[in-house]
Each structure stands twice: as C-alpha cells, then as structure tokens.
Amino acid sequence: MSASQKYDDAPRAVNKPVDCALTGAALLQTPFLNKGSAFTHEERNTFGLQGLLPSNVQTLDEQVRRAYAQYSSRTSDMAKNTFMTSMKEQNEVLYYKLILSHLKELFSIIYTPTEGDAIANFSRIFRRPEGCFLDINSPDAIEKQLDSFGRPEDVDIIVVSDGEQILGIGDQGVGGVLISVAKLVLYTLCAGVHPSRGLPVILDCGTDNEQLLDDELYLGNRHPRVRGEQYDKFVDRFVAAARKRFPKAYLHFEDFGLPNARRILDKYTGEMACFNDDVQGTGCVTLAAIYAAAHVAGVKMKDLRVVIYGAGTAGTGIADQIADAIGVESKKSSDEARGQIFCVDKPGLLLKSSELTAAQKAYAKDPEKYPAEKHKDLLAVVKAVKPHVLIGTSTRPRSFTQEIVEAMVEGIDSRPIIFPLSNPTRLHEATPKDLLHWTKGKALVATGSPFDPVDFDGDKIEIAECNNSCCFPGIGLGVVLSGAQLLTKEMLVAATKALAALAPAMKDDKAALLPDVEDVRDISRKIAAAVIKVAVDKGLARTEGIPDDEHEREQWVEAQMWRAEYREYRKVGMEGAGGEARGEMGSKGRRHAPGHE
Ligand SMILES: NC(=O)C1=CN([C@@H]2O[C@H](COP(=O)(O)OP(=O)(O)OC[C@H]3O[C@@H](n4cnc5c(N)ncnc54)[C@H](O)[C@@H]3O)[C@@H](O)[C@H]2O)C=CC1
Ligand SMILES: CC(=O)C(=O)O
Ligand SMILES: [Mg+2]
C-alpha cells in the first residue's frame, strides 16, 4: 500500500475524487476544476462539455509541453510572468504542473526577482483582482469582507502584507497584494498546501511612495501611509476578525516595514499560530546555511564572529537565530552570544549610544570598546571584528567591495562565509562570481535570489539560494496539519535542523550550502514532519491521529500534500456541494475552498 493510500482518511488527504457541481462553460472557466483538453470523452459527456472542446483528448504532460512552448515564446521575463498569471486563471493544475516541470527556470519568474517587477507595476498590469483588499479607511467593513472569502473551516493559511517593505523594493502600497499571492503559490508548489485553502490579504494603509501617489493609474489609497494608533487599531481589527472568521488559520505576515514587522509579530505570537517570514523564515534558512558552511569551514558555532550589514527586519531576525544557536551550542548567556554578532546599519556599527529599535538594541555594542569614529563603515567593522560570516540584508547593491572581502579573508584562517541576501537580484551586495574570484575560490556563498553556478578553476560551483522560500512552506504545512495552536521557538529550531541536515555541503564540501530548489517538496515534507513532532511533544497539536513513528509521520504528511495532477470528478448537485464544487468565489477571491474532499 502506498503512503497516500495508507493515510486516505487523514484530514486533508488528496486522493479522493473531487465533487463537481459545474457543467459546460462554467466548468471550463473555473480554474481549479478546469482540465481543458484533458477532459476525457466520458467526462465531456457527464459534464456537458460536448462541442466545447476540440476532439483530441490530451494528457497533462502534453498540455505542459504546449504551455511551455507558449511560455517560451514570450521574450521578456515580465511577459513570462504575465503569461503565468493568466495560466493560473485558466487551469490551476496545469499552472502548477508547468512550474514543477521547469522549476528552476520558472521559480525566478513567479517569485523573486521578476515578481518584484510585477508588484512595482501592479496598477499598470492589473487585469483581474486576486485576494482580499482591506482599506484602513473602512475598518468597520473588515468582518463582512472576510466573510465573503469562505466558511470558517475553509482557510488554512492567511498571508498578509501592508506593502511597506516589499522584497528590497520598499513601499509598493496596494501592489503588495501580489507578494501575499506569490507566497501562497509557494505554499502550494513547495509544500502542497491546498491551492484553494490560502487567503492572500493586503492591508491598504496608503503609501509613501511618491511615484505611486502621482500615478493616475494607481489602484490603492492615494494618501500617505497612516501610522500610529489608527494603524495599530486597524491591524488589531484585522487580526481579531481573521481569527473570528477563520479560527484555525495560520497567520503569515510578509514584508511589513521596519517600524512594524517585529512589533506586530511580538504582539500576537503568544496568542495564536503566527509567523513573520522576513524575521523568522529568513532567520531559519540563513542559520541552516551557516550550519553547513561552518561545517565545511571547520569553525565551531560557539566561536563564530558574525557581521550583519543592514540591521532591519531580516538582519535582526537572522541575528536572533544565530545568537540562539550559539547560546545552545556553547551554553553561553544570550548577552555573550549576542556579543559575537555585530550589526552595521547606515550610521555604522550599532552602538548603545545610537537610536535603535528594540530588536537592534540587543546587538548594540559599548562605544567605549568600539568608538563610533572607528566603526563608521563596513570596512572598518570587518577589519576590527575579523568575522567568519558576513551577511548582507541592506538592499545596497555592490556594497561588499573587493577591499572589504579581502580584509575579511585576511582576518581569519578559515574559509570566509559570505551571504549577500538582499532581493531582488539587482540589489545583491555582491555577485557570487566576484566573491569567488576575490577570495581565490575560498568563499562559501549563498544568495537571496537565484544565481547560476560559477566556473572557477575548472570547477562548477553551485550557489545555494538562501531564501526563506526554502523553509516557510514546510513550517506552515507543519502548523496546518498538526493544527498547532502556536508557532514556538522550538518548532523553528526543529525546522532549521531538518533543513540543515539536508544541506549537500554536509556530505561534500564542494556542494551547495542548501538543498536545491528541485528538492523543495522533500525538504518541505521533512520540515513539516519536524515541526509537527514538536507540536505534538509540547501538547500544542489539535489534530488527532498523528503517527508517532518518524517515517510514518512523513508518510502521513505526504498523503496530505496537494499534487498537480488531474483527479477524478464525481458529479453532484448544487445543493449540498462544497463552495468549490459549485465554482463559487472563495478564499482567493475566485472560489470557495473544497470542504468536500
Ligand atoms: N533572502 C531572503 O530570504 C530574504 C531577503 N530579504 C532581503 O533583505 C533586504 C532587507 O529586507 P528587510 O530587512 O525586510 O528590510 P528593512 O528595511 O527592514 O531593512 C533594511 C536595513 O538596511 C539598512 N540599510 C539601508 N541602506 C544601508 C546602508 N547604506 N548601509 C547600511 N545599512 C543600510 C536599513 O537602514 C535597514 O535597517 C531586502 O532586500 C529583502 O529582499 C528579506 C527577507 C528574506
Ligand atoms: C524573500 C523575502 O521574503 C524578501 O526578500 O522579502
Ligand atoms: Mg519578504
């Protein structure tokens, strides 16, 4: 018996036939149910599709070949991105299958870097809305608006952004809805979260982006960003309404601005299962890559000295995860562990005398020991600290110069670990090629967006993509399947360790520091299983019947991961059919989640 058969009765098992109450053109126009030319003759008879399709019945693979040829004929990345968006609006199984069939190539089209351009141009390329748009000027409407996105049991994951700090491209106002949409696509693609059980949300709080404010086509609130009490109350009302309407949904915060990201996470983290991807997801994936790089470099975690350039949401999130890891490995106090991490921002090294956010304060150094005038820039800090690890989350392209990198190499005996993590690609602090040439091939590199392998001295060096997309889908899947009431530090540690264990560099020091994106479904399954184990052990899981055995638990997860394949349809009447079977609008503004599977 296969894993999926054995766990056919698991809560979200994806083996059963799909109820379908639609017929004719309505069925062809419902992206989650449409199979296009792959509807069999029998299905065409049953569902009133005669005459609506050319006679030849095709397989999903044949459809993928045609779709890929159409996709390839688009010459620019933006045109490819737009093509993929319309494919998603036509046939969702084909959309996901096409991406999975050319994962490496398409990942950068549907996610960073190209999705960044799509977000920046949201109001110009807009054709059809997807997601839930909540307006800070109408807080009383939130509950009613959420009601139209499904029944309480329909939504597993809500991804919400306020659009203030999208990737590294700053305030994109209402266009930020597309980052919520993109992250949900990754939940499905990478971890098999059911595509109709995610709800993308944008909190439209205005924008401080002058270009958008001056753009007559801009679709969002055309006023400066609302801040302070009104903003906090709006976020609070949204969180309360979301919890009321979708009591079991996991809340994923994405790309909030520096003044709000950490504050909001800290506010809700003890009350419900929630997650900030830029803080926690980035921290997890970066720490996993550091574990692998430290292993290759032969440096012990407890001895690491780390410089982080750009001490914002991601930078301090990474710092926290590294400090926790140093603390655990060495039994050092938190203060001691943080003492090994040096954060640099615009004014230079973070010092106790500077004006800092709460998250930054934890890393501020004593100005008596590190005088401000001697630590004003990254080069000076690198020379003084002699870091083993240099991380960039600054959005400052090419800020890791040859001089800085050479100074780093000079300061240590081990191989330098250098992660330029800013997205999209054009904002990277250095290219892998330069880093490898400046360090004579010694640098252990991982980047925020994908890069091609680098040829060096006859070797092809794979560059790991150190992006939170490696871990957030698995973490979310684990929380959803276990029904965890909270997402705790221990669950994040378990996720990081599960990911680090899969790093090819752990076995071969010439291999990449993180597993390849092609293996992302296996990675997510293992991360989810690790998260679920902690949820069960800590008494936080609400789902019954989770297997105790590690191998069985992974099979149980696998059986509930949605796959891009056509399933059998069972004809049902409109009455009693789930919203999706009726083709109703739902969680993503297009249809209801199944509830009938
Ligand atoms: N690879 C990954 O998985 C992730 C990458 N990122 C990337 O990290 C970058 C930062 O994102 P967030 O932390 O969310 O933004 P943020 O705005 O919270 O942080 C950026 C920080 O860099 C600082 N900075 C800007 N210019 C600087 C300069 N010249 N010198 C020193 N510091 C400078 C800012 O003052 C701020 O503290 C973005 O490019 C984003 O795409 C973010 C999350 C995940
Ligand atoms: C990857 C991501 O979350 C970011 O760049 O913001
Ligand atoms: Mg982000």
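Residues numbered from 1 in each chain as written. Chains lettered and ligands numbered in written order. Predicted model: local features only at pLDDT ≥ 70, side-chain atom pairs only at ≥ 80, totals over all residues. Heavy atoms only, no water.

Two descriptors summarise a pair of aromatic rings, namely the distance from one centre to the other and the angle between the planes of the rings. Here the structure, examined in full by the defined rule, presents 15 aromatic pairs. Measuring from centroid to centroid gives 6.2 Å for Phe47 and Tyr569, while their planes differ by 85°, and the two rings are edge-to-face. Taken together, the positions of Phe47 in the loop between α3 (41-46) and α4 (60-72) and Tyr569 in strand β16 (residues 569-571) put the pair 522 residues apart, joining distant regions of the chain. Of the two residues examined, Phe47 and Tyr569, each falls in the buried class. (Phe/Tyr/Trp six-rings, centres within 6.5 Å; stacked < 30°, edge-to-face > 60°. Helix = DSSP H or I, 4+ residues; strand = E, 2+ residues; numbered from the N terminus. Buried < 20%, exposed > 50% of the residue type's maximum accessible area, 1.4 Å probe, protein only.)

Around ligand 2, the structure places Tyr111, Leu167, Lys183, Glu254, Asp255, Asp278, Asn423, Asn467 and Asn468. Contact between ligand 2 and Glu254: an oxygen atom at 3.0 Å from a side-chain N or O atom of the residue. Within the side chain of Asp255, one N or O atom sits 3.0 Å away from an oxygen atom of ligand 2. Calculation on ligand 2 without its partners gives an accessible area of 220 Å², and the protein chains cover 90% of this total. For the shell around ligand 2, the class distribution of residues is two nonpolar, three polar and four charged. (Near = heavy atom within 4 Å. Polar contact = N/O pair within 3.5 Å; in protein donor to acceptor, adjacent residues only side chain to side chain. Areas by Shrake-Rupley, 256 points an atom, 1.4 Å probe, with all protein chains shown as cover. Nonpolar A, V, L, I, M, F, W, Y, C, P; charged D, E, K, R; others polar.)

Along the chain, Thr112 connects to Pro113 via a cis peptide bond; the corresponding omega equals 10°. Its location among the elements puts Pro113 in the loop between α7 (103-110) and α8 (114-120). Asn423 connects to Pro424 through a cis peptide bond whose omega is -10°. The topology assignment puts Pro424 in the loop between β11 (417-420) and α21 (432-438). You will see that Lys386, though not glycine, has its phi angle at about 55°, which is positive. Inspection of the secondary structure puts Lys386 in the loop between α19 (378-385) and β10 (389-392). We classify Lys386 as partly exposed; its relative accessible area is 39%. Unlike most non-glycine residues, Lys440 shows phi in positive territory, near 55°. Examined against the element boundaries, Lys440 turns out to sit in the loop between α21 and β12 (444-447). The exposed category is assigned to Lys440, whose relative accessible area is 68%.

Before going further, it helps to spend a moment on the pairing of strand β2 (residues 132-135). Only one face of β2 is covered, namely the one carrying Cys132 and Leu134; the face carrying Phe133 and Asp135 has none of its residues buried. Where β2 and strand β4 (residues 198-204) come together, four bridges link them in parallel fashion. Opposite Leu134, over in β4, you have Leu203 as the bridge partner. (Pairing = 2+ DSSP bridges.)

What follows deals with the pattern of salt bridges. Where charged atoms from two side chains of opposite charge come close, those side chains can pair. Across all of its chains, the model carries 35 salt bridges by this definition. Taking the shortest distance from any N to any O, the salt bridge between Asp147 and Arg245 comes out at 3.4 Å. Remark: Arg245 occurs in helix α13 (residues 229-245) and Asp147 occurs in helix α10 (residues 142-147); sequence separation between them is 98 residues. Residue class for Asp147 comes out partly exposed when judged on its relative accessible area of 37%. In this structure, Asp162 and Arg225 form a salt bridge, with 3.9 Å as the shortest nitrogen-oxygen distance. You can see Asp162 sitting in the loop between β3 (157-161) and α11 (177-191) and its partner Arg225 sitting in the loop between α12 (210-213) and α13, a full 63 residues away along the chain. Neither residue differs from the other here; Asp162 and Arg225 are each classed as buried. (Salt bridge = Lys/Arg side-chain N within 4 Å of Asp/Glu carboxyl O.)

Right, let's talk about the nonpolar core for a bit. Ranked by size, the top nonpolar core spans 129 residues in total, and within it Met84, Tyr250, Ile391, Phe419 and Ile475 carry the most contacts. The element that contributes the greatest number of residues to this core is helix α15 (residues 277-297), accounting for twelve residues. Here Ile475 is in contact with Tyr250, Phe275, Cys284, Leu487, Leu492, Ala495, Ile527 and Val531, once residues within four sequence places are set aside. Val201, Val235, Val239 and Ala249 belong to the second-largest nonpolar core, a separate cluster that totals 33 residues. (Core = buried A, V, L, I, M, F, W, Y, C linked by side-chain atoms within 4.5 Å. Contact = heavy atoms within 4.5 Å.)

Right, let's get into the UniProt feature "active site" (unreviewed entry) in the protein chain. The UniProt feature table records "active site" (unreviewed entry) at Tyr111 and Lys183. Sequence-wise these annotated residues cover 73 residues; spatially they are packed, their C-alpha atoms never more than 8.2 Å apart. Relative to the helices and strands, Tyr111 resides in the loop between α7 and α8. There is a polar contact of 2.9 Å between the side chain of Lys183 and the side chain of Tyr111. (UniProt positions renumbered as here; feature names shortened; annotations may be inferred.)

As a further point, take the site of ligand 1. Lining the immediate surroundings of ligand 1 are 25 residues, of which Tyr309, Thr313, Ala314, Asp345 and Asn468 lie closest. At 2.8 Å from an oxygen atom of ligand 1 is found a main-chain nitrogen or oxygen belonging to Ala314. Note that an oxygen atom of ligand 1 is positioned 2.9 Å from one of the backbone N or O atoms of Asn468. Protein chains bury 90% of the 850 Å² of accessible surface belonging to ligand 1 in isolation. Looking at the shell around ligand 1, the elements with two or more residues in it are α15 and α16 (313-330).

Our focus in this paragraph is the coordination of the magnesium ion (ligand 3). In this structure, Glu254 (OE), Asp255 (OD) and Asp278 (OD) serve as the protein donors to the magnesium ion (ligand 3), at separations of 2.0 to 2.1 Å. Site description for the magnesium ion (ligand 3): donor spacing in sequence, E-D-x22-D. With Glu254 in the loop between β5 (250-253) and α14 (258-268) and Asp278 in helix α15, this pair connects stretches of sequence that are 24 residues apart. The residues Glu254 and Asp278 share a single accessibility class, namely buried. (Donors = N, O, S within 2.8 Å, 3.2 Å for Na, K, Ca; no water.)

Right, let's get into α11. Residues lying three or four places apart along an α-helix face the same way, a consequence of the helix completing one turn every 3.6 residues. Look at α11: 21 Å from first C-alpha to last across 15 residues, which is about the 21 Å you get at 1.5 Å a residue. Counted residue by residue, α11 has 15 buried out of 15 residues, so it is predominantly covered. (Expected span 1.5 Å × (residues − 1).)

Both faces of β10 are covered, namely the face carrying Val389 and Ile391 and the face carrying Leu390 and Gly392. Judged from the four bridges that link them, strand β7 (residues 306-309) and β10 form a sheet pairing that is parallel. Note on β10: the bridge partner recorded for Tyr309 is Gly392. In this structure, β10 lies alongside β11, joined through four bridges in parallel fashion. Following the sheet pairing, Ile391 is matched in β11 by Phe419. With helix α20 (residues 402-411) bridging β10 and the parallel β11, this β-α-β connection has right-handed handedness. (Right-handed = clockwise from strand over helix to strand, strands pointing away.)

A word on the sheet that holds strand β15 (residues 464-465). Across the sheet, which stays open at both edges, the seven strands sit in the order β9-β8-β7-β10-β11-β12-β15 with mixed pairing between neighbours. Here the strands that pair on one side only, and so sit at the sheet edges, are β9 (348-349) and β15. Packed on one face of the sheet, α15 meets β10, β11 and β12 and runs near 155° to β11. (Axes fitted to C-alpha atoms, helices over the stretch in contact; angles between N-to-C directions.)

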